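Residue-level listing of the chains:
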Amino acid sequence: MFTAVTLGVFDRLHQAPAKAVELAEQLKLHAGALERLLDGCAALGLLHKENGQYSNTAVAEHYLWSESPDTLSGYIRYSDEALFRMWSNLGDAVREGTPRWKQTMGVDGAIFSGFYRDENAMREFLRGMHGFGMLTSPPVVAAFDLSRFHRMVDLGGGTGHLAIAACQRYAQLQAVVYDLPRVTAIARENIAAAGIEDRVGAEDGDFFADPLPEADLYAVGRILHDWNDEKVAVLLHKAIERLPPGGAMLVAEKQLNEDGVGPLAANMQSLNMLVVTEGRERSLGEYARLLHDAGFAQVEGKRTGVALDAILAVKA
């Protein structure tokens, strides 16, 4: 799937069905090798094959065609070009307990130096995160009743999918996407495309270095798993200091079982965090301890049935 997306197979087949020889000529690939790749994709349920002619399945049209509103192609290309390569150094990550950016990519500095190494890499990564967020954000914001909150600030809010989903569900809510300037520029494009500019804005900032905007609800989606416990504690303390009594934090992360074994996707993602970041996946109990230590009085977690679960932590 990674290779077929990167080679443009699904984009070409969106235009019209084709045989392997025709596709190979147009995409400048080896016909026999391409046919084996296409057959593999068909076996995975990503392509139809009939009388030697290939076409996209509905799931490929929806998620693998790069111009689909819900495309995951950016995340898949990022997985192909970065994650897949870094996983080849998993053994060294386990030996040393550190991410593999330098070893794999020759990139020094913070983890996002790799994600945002140039404009194209940043947009590709964020486009992938947006496609992922389109699947997970609606169930996350529906996991708890957020109707009592009025101003949500999505810390590290990326492309704005969580803020948009929250405001689409809760009519009383105003939201701000808070992220680095290059990221908020993309968030504003998505907010405009959703037609919700009157209720969702974007503000530039670094949540570790800068004061947090005022809010009665902070959201952190796929943020806490990027960092070790010490840095998570810094962010949670900053949030609790800014929240009014009764204010809350909504956490969107995949929760491990309490014994650390399962769900399988959470264990695989925790290994992913090992090779890519300085963070890890955690159980609800581990998140609750961090949140209670920061000053949150009530912590409740819910499984959503999608790739991210939800936690709501309320300040006394």
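Residues numbered from 1 in each chain as written. Predicted model: local features only at pLDDT ≥ 70, side-chain atom pairs only at ≥ 80, totals over all residues. Heavy atoms only, no water.

Here three strands make up an open sheet; going across it, the order is β1-β3-β2 and the pairing antiparallel. A single partner strand is all that each edge strand has here, and the edge strands are β1 (18-19) and β2 (47-50). Across two bridges, β1 lies against strand β3 (residues 53-56) in antiparallel orientation. Counted as the bridge partner of A18 is Y54 from β3. Packing of helix α4 (residues 31-43) onto the sheet brings it into contact with β2 and β3, and relative to β2 it is tilted by some 115 degrees. (Pairing = 2+ DSSP bridges. Helix = DSSP H or I, 4+ residues; strand = E, 2+ residues; numbered from the N terminus. Contact = heavy atoms within 4.5 Å. Axes fitted to C-alpha atoms, helices over the stretch in contact; angles between N-to-C directions.)

Right, let's get into the pairing of strand β6 (residues 200-204). Across five bridges, the pairing between strand β5 (residues 174-179) and β6 is parallel. Each residue of the ladder has a partner; that of Y178, found in β6, is E203. Between the parallel pair β5 and β6, the chain is carried across by helix α12 (residues 181-193), and the sense of this crossover is right-handed. (Right-handed = clockwise from strand over helix to strand, strands pointing away.)

What the rule picks out here adds up to twelve salt bridges. Residues D39 and K49 are paired through a salt bridge, measuring 3.1 Å at the closest nitrogen-oxygen approach. Of this pair, D39 sits in helix α4 while K49 sits in strand β2, and the two are ten residues apart along the sequence. Judged by its relative accessible area of 30%, D39 is partly exposed. With a shortest N-O distance of 3.3 Å, E286 and R280 are connected by a salt bridge. Residue classification places E286 among the partly exposed residues on the basis of a relative accessible area of 23%. Salt bridges here are not isolated pairs; linked through shared partners, they connect D229, R280, R282 and E286. (Salt bridge = Lys/Arg side-chain N within 4 Å of Asp/Glu carboxyl O. Buried < 20%, exposed > 50% of the residue type's maximum accessible area, 1.4 Å probe, protein only.)

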